[in-house]
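Results of the structural survey
Single-letter residue listing:
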Amino acid sequence: MQRILVIILLAVSSLYCIKLYAQEVDSLKKRKNDYILILNSHTYDDNWGTTLSKQIRHEIEKQDPNVMVNISYAGITNRTSFLSGRFGMQAAFANGRIEKNTSIPTVLVLIGDESWMYYRIMNLRGIWEKVPVLLVGVKPEIMSDFSKFQPSRVVQDSLMISLESSRKNLPVTAIIDQDNEAYTVWLMKQLLPDLNQVVFLSSSSYQDEYAHNMLKKSMAVQYSEMNLRVIHTDEKKSSDLHAELSSLPEDAAILLGAGKVPEGLDRPIFQLNDRKLSGDVVGGYYPLQETYAIEAADIALRIHHGEHPDSIPFSYIGGEVPYLNKTALGHFGLKREASKVADVVYTNISDPFVEKYMRAILLLSLAGVILIIIFLLNLREKRYRKSIVSSMGKYKKIYDEYQIVYENMPMGLVFFDRNGDLLNRNQSSNLFFDKVSSDELVDFNLFQTTLIDDQSKNRIRKKLLVNKVFEFEDRSLRIIFRHILDEESDSENILMIVLDYTSIQKEKVAKERIYSIFNFAMDASSLGVAEYNVMDNSRFATDAWYKNLCINKGMGHSNVYRSVVEEDRQKIEYFLKHIGEDGEVYFADTIRVKDGNKIHWLQYVIQLLEYGPDEGRIIVAELALNVDKQKYNEQELDKALQAAKESDRLKNAFIANMSSDIRPALDELVVLSNRLIETDNEEEKESLMVRIEQNNDMLLKYVERIIELSRTGATKQTGL
């Protein structure tokens, strides 16, 4: 009996466990599909779409914590083709599932018009056809033929249909974004009375193309005198866009849609949607994201709890008041114009306490600053007096050290008063005064001595700088004169600095002699050498280089190739323009130079020596060798070759003609010789002998002419 009771209890327990398991499985199945999916057209980087998605999820979870909400981003607005957009949509559906197995949400919230466009062309079958759809932030009209939207990126009125007609096939309701473009342009005109051009930054998305279309319509009616210009930000680099926007005229303002504006642009910017008002963004006329989020959460929960979308009418949300950035208004000086606009909501506002007591705070701050300055000045005066006592001892020590340096300085230092009388000098100045006797030194005057020329004296009197090398019998001295102010006597003196330039002058003379020899050698060999900087046209060149290019010495670099034949000049200029690029470091060619009516030939070589465009240095070396004799010899050789060919041709023709004349004479000699042997008639023999002599004479003449032609090299023979 006990066993039976145990078996019955075990059976009942097993059935109860099976029932609980079945209920748990059923509950899990229900929970898999008991969630709301928010599918965003934008990418996660888009601030407006991401913030709106998170706000909707927050509002739903706040009203009903038991409802699960998942967010997926399709990134359709950044896609460049229809197929990539569809893949993005499919990936968003896959990422939005709660688990790997297929799970269908109770409500599908679509943010952005592009997601709705792709959703209508997705292969929706079975239960997906019955999933209620809530559109958030869509425009009153969307495109009917999606294939014409993606390639052209142009919105036409003929391609639009009412959103109401989309409800025939799918259970859908929508929160529609009313047009705020006209209000925003009105706000721009209120703040900028001189506004003549609106520059609309578009991301080429449907929302921006639609906004562009609405701007054209509203401005054509209300502001026909204003220009509307659109810039597609997705087609430009950030640096190029920044440069283009910075160059806009003063009477232009920027209107931002879903595109991005480069940072650091000091221009007034307005916007069409609720973004963070910071930097140069002045504001706009738009609804807040919070308004969308509260309305979307309420409708999504109503559908989630069983209400059909067809029974929920479309909601229309528009901008009720303008939102302005008070910091930007102050930066662009627009506060006075903004005070004339009614119902303005300001952001980035300072603390009211600070604004209220700003004047008092400034006065107290100013008084505090003055007190601090007075305190610091007193402290500084005390420290200054103390430092003076310390400095006097240091000054005496430094002065003594200065006297030692002054007397032993390797350059001569001489001081004169303004009248030229000698005041003081150091030991090294003997380089100059060793030519002056002791008697003259007592009354030495700068303007009376014969050691300084009159031109230098006049420049000293006019307080002009004199820096000149004076030649004496056994040495060269560089002497510099400057006017200085004596702080102790408050008088103006003349300082003369004397430098021994003898060795430098000798080296200079030696270098000039070497240069003359080098220049003579280059000129004698007709080889010109030049070295110059392509960046600043500074140049050093030998005389032969100028002579070979048929230009005057010292001519500017822009004209150095003016005598070169145009075709050759283009080759040189092209090489210099692209020098250093793709291995362009060497140029060698034969060029032609015009000298009046003559043409000279040069073998021209250019070699890159140093390439540093960032430091302003592109150093090249040029060699210009006159090859006129070589070209003349080549031409003469060519003429001789042509003459030899012509002579050979005429000789061959002459020999050919001779063979036709010699062969009959030889044949006749053979015939006559045979008949002379055979005949016995004396008269006939005499006749044959005469004819043989005639043919012999004729053959001798032909042979003499051939020998004469071979000996003299005649090229023309006629009559044979």
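Further up the page is the structure itself.
This write-up is about the structure you can find in this document. Everything quoted here is computed from the prediction, not taken from an experiment.

1. Considerations on the side chain of Ser-563
Looking at where Ser-563 falls in the secondary structure, it is placed in the loop between α18 (543-548) and α19 (566-577). Judged by its relative accessible area of 12%, Ser-563 is buried. One polar contact links the side chain of Ser-563 to the main-chain carbonyl oxygen of Cys-550, over a distance of 3.3 Å.

2. Observations concerning the pairing of strand β10 (residues 252-256)
Most of β10 sits inside the fold, with five of its five residues counted as buried. The side-chain alternation of β10 yields two buried faces, one formed by Ala-252, Ile-254 and Leu-256 and the other by Ala-253 and Leu-255. The pairing of strand β8 (residues 197-202) with β10 spans five bridges and is parallel. Its bridge partner lying in β10, Leu-201 is registered against Leu-256. Pairing between β10 and strand β11 (residues 269-271): three bridges, direction parallel. Note on β11: the bridge partner recorded for Leu-255 is Phe-270.

3. Description of helix α16 (residues 454-461)
Buried residues of α16: Ser-456, Lys-457 and Ile-460, and no others. Relative to the axis of α16, the buried residues are bounded by an arc of 100° and lie together on one face. Across from the buried face of α16, at angles greater than 90 degrees, the exposed residues are Asp-454 and Gln-455. Residues of α16 that are buried sit in contact with β18 (466-471), β19 (476-486) and β20 (491-500). Lys-463, located one to two residues past α16, shows a positive phi value of around 60°.

4. Quick look at the sheet that holds strand β12 (residues 281-285)
If you trace the seven strands from one edge of the open sheet to the other, you get β9-β8-β10-β11-β12-β14-β15, paired in mixed fashion. In this open sheet, the two strands that pair with only one neighbour each are β9 (227-232) and β15 (345-347). Between one strand and the next, the sheet's axes are offset by a mean angle of 25°, whatever the strand orientation. Where β8 lies against β9, six bridges are found, and the strand directions are parallel. From the neighbouring strand, Val-198 faces β9, where its bridge partner is Leu-228. Across the sheet, helix α6 (residues 181-191) touches β8, β10, β11, β12 and β14 (322-325), and the angle it forms with β12 is around 135°. Helix α7 (residues 206-222) contacts β8, β9 and β10 of the sheet and is inclined by roughly 165° relative to β8.

Conventions adopted
Residues numbered from 1 in each chain as written. Predicted model: local features only at pLDDT ≥ 70, side-chain atom pairs only at ≥ 80, totals over all residues. Heavy atoms only, no water. Helix = DSSP H or I, 4+ residues; strand = E, 2+ residues; numbered from the N terminus. Buried < 20%, exposed > 50% of the residue type's maximum accessible area, 1.4 Å probe, protein only. Polar contact = N/O pair within 3.5 Å; in protein donor to acceptor, adjacent residues only side chain to side chain. Pairing = 2+ DSSP bridges. Arc of directions from axis to C-beta. Contact = heavy atoms within 4.5 Å. Axes fitted to C-alpha atoms, helices over the stretch in contact; angles between N-to-C directions.

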